[in-house]
Amino acid sequence: MPRLLSSILCLCTGLLQAQVQVELVCDEPKAILDILAKRPAPPSQEDWARLFRSEGYIQWVRREAAFRHPIREGDIQRFVMDLGSQASGPEWTRTLAAWQAMDLGGCARRALAYLPEGASIRARVYPMIKPGSNSFVFEDHELFLWLDPGKSTVQVEHTLVHEFHHIGLSSLRPSPALAAELEALAPGPREAADWCGAFGEGFAMLAAAGAPDTHPHATSSAEARQRWDQDLARFDQDLRAVDQFLLQVAEGRLSGAAAQEQGAAFFGFQGPWYTVGWRMASTIERELGRGVLFECMRDPRLLLLRYNQATSMRGLPGARWSPELLKTLKVS
């Protein structure tokens, strides 16, 4: 290999490694599986101590405390002992081994392909056996995933790409000009602009799919795909509902707890922040290119404007964002 080409490849590899730093931390489920493997013998004090000092457990407790959901060790002990009555240990052990063989770096690079220049993905991923089967990102770099034996490796990787995209998107910082522009907005429009960031769920759905013409639930169960299709069929209705919400916030007619409650309702299982966001993002990439989509990721207000432009340019049917909202958000 010519020396110059080799140097370029080494430089590119180094830059990519700097952008992607992900690690799977499995000490919490391992501690629980060790307890389950010893049944019917009761767990020792050291068994419980190993669980309660595991990094995954400590970080999960810290996250729950931040949301005012205190975790009590006694409750976790009872939860684990209840698991001991189920034939779930070997299944979880096989699932954890499969997760440890996944290419986390590859998943992060798939997400990075749908992020603007300058984004980075640095994350610690915690497979968890815990009460509640939800998964979530905390503090923009900790990803907690329920260790679900019912999900295939492909489905888990799909989830990882989705969540890694959130982490990468949060790493972006606005340019000084954009920061000054947003700061100059009145409180109502600024809050509405912040809410536009919730369409990041749509960006993440597109990134996980990998292309605008790939169904965002291509790897999911038939039930999940059907539910998505049904929700997406309400696109026009949902866009208009979000339009009214953002306009009310921007004009100061909706704020505080009432705005938070209404905006949070649009998340749902995979509500309008997902479906409307994905439809807009995939349309913009298809009609205007990924570079324009990247501009929208830096300033989510642009997502509304560029979607209107893409659909008007191509004569595509469907609801569009109101001129009143775009004017109030000062996006052009």
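Up top you'll find the structure we're talking about.
Residues numbered from 1 in each chain as written. Predicted model: local features only at pLDDT ≥ 70, side-chain atom pairs only at ≥ 80, totals over all residues. Heavy atoms only, no water.

A. Spatial organisation of the overall build of the protein. A count of helical and extended segments in the protein gives 18 helices and 4 strands. Taken against the 2.2 N^0.38 rule, which gives 20 Å for 332 residues, the C-alpha radius of gyration of the protein at 22 Å falls within 12% of a compact globule. Taken along the three principal axes of its C-alpha coordinates, the protein extends 70 × 65 × 40 Å. Here the protein, with 332 residues, has 47% of them falling under the buried criterion. Here the contacts in the protein between residues at least 6 apart in sequence split such that 73% fall between residues at least 24 apart. Across the protein, the 35 positively charged side chains and the 39 negatively charged ones have centroids separated by 2 Å. (Helix = DSSP H or I, 4+ residues; strand = E, 2+ residues; numbered from the N terminus. Rg over C-alpha atoms; globule rule 2.2 N^0.38 Å. Buried < 20%, exposed > 50% of the residue type's maximum accessible area, 1.4 Å probe, protein only. Contact = heavy atoms within 4.5 Å. Lys, Arg positive; Asp, Glu negative; His and termini not counted. Charge placed at Lys NZ, Arg CZ, Asp CG, Glu CD.)

B. View of the sheet that holds strand S2 (residues 121-128). With mixed pairing, the 4 strands of this open sheet are ordered in space as S1-S2-S4-S3. Single-partner strands in this sheet number two, and they are strand S1 (20-24) and strand S3 (136-138). Each neighbouring strand pair of the sheet contributes to a mean axis angle of 20 degrees, computed without reference to strand direction. Note: S3 against strand S4 (residues 142-146), 3 bridges, orientation antiparallel. Following the sheet pairing, Val137 is matched in S4 by Leu143. Helix H8 (residues 153-170) rests against S1, S2, S3 and S4 of the sheet, and its axis sits at about 135 degrees to S2. (Pairing = 2+ DSSP bridges. Axes fitted to C-alpha atoms, helices over the stretch in contact; angles between N-to-C directions.)

C. Main features of the packing of helix H11 (residues 200-209) against helix H15 (residues 272-288). At a closest axis distance of 7 Å, the pairing of H11 and H15 adopts a crossing angle of 60 degrees. In terms of their interaxial angle, H11 and H15 are classed as oblique. The chirality of how H11 crosses H15 is right-handed. Residues Glu201, Gly202, Phe203, Met205 and Leu206 of H11 touch H15, and the partners they reach there are Trp273, Tyr274, Gly277, Trp278, Ala281, Ser282 and Glu285. (Parallel < 35°, antiparallel > 145°, perpendicular 65-115°, else oblique. Left-handed = near helix turned anticlockwise from the far one by under 90°.)

D. Structural detail: helix H5 (residues 73-83). Within H5 the residues assigned to the buried category are Ile76, Phe79, Val80 and Leu83. End-on view of H5: buried residues confined to an arc of 95 degrees, all on one side of the axis. Residues of H5 that are exposed and point more than 90 degrees away from the buried face comprise Arg78 and Asp82. Buried residues in H5 make contact with helix H2 (27-37), helix H3 (45-52), helix H4 (55-66) and helix H6 (89-100). (Arc of directions from axis to C-beta.)

E. Region of interest: the packing of aromatic side chains. Enumeration over the complete set of coordinates arrives at 16 aromatic pairs. Their ring planes at 75 degrees and their centres at 6.4 Å tell us that Phe245 and Trp273 sit as a pair that is edge-to-face. Linking Phe245 in helix H13 (residues 235-250) with Trp273 in helix H15, this pair joins segments that are 28 residues apart in sequence. Classification of Trp273 by relative accessible area gives buried; the value is 0%. (Phe/Tyr/Trp six-rings, centres within 6.5 Å; stacked < 30°, edge-to-face > 60°.)

F. Geometry of the nonpolar core. Counting 95 residues, the largest nonpolar core has Leu160, Phe164, Leu246, Leu304 and Trp321 as the members making the most contacts within it. Per element, the largest residue contribution to this core is 8 residues, and it comes from H13. (Core = buried A, V, L, I, M, F, W, Y, C linked by side-chain atoms within 4.5 Å.)

G. Fine view of the packing of helix H12 (residues 222-232) against H15. The geometry of H12 relative to H15 is characterised by a closest axis approach of 9 Å and an angle of 75 degrees between their N-to-C directions. By the angle between their axes, H12 is roughly perpendicular relative to H15. The residues of H15 that touch H12, namely those facing Trp228, Asp231 and Leu232, are Tyr274, Thr275, Trp278 and Arg279. Here the contact of H12 with H15 is built from residues that sort into 4 nonpolar, 1 polar and 2 charged. (Nonpolar A, V, L, I, M, F, W, Y, C, P; charged D, E, K, R; others polar.)

H. Molecular detail of the pattern of salt bridges. Scanning the entire structure with this criterion turns up 17 salt bridges. Among the salt bridges present, the one from Arg63 reaches Glu64, with a minimum N-O distance of 2.7 Å. Accessibility expressed as a relative area gives 9% for Glu64, which makes it buried. The shortest N-O distance in the salt bridge between Asp299 and Arg301 comes to 2.9 Å. (Salt bridge = Lys/Arg side-chain N within 4 Å of Asp/Glu carboxyl O.)

Everything listed here is a matter of coordinates, which is why it stays silent on function.
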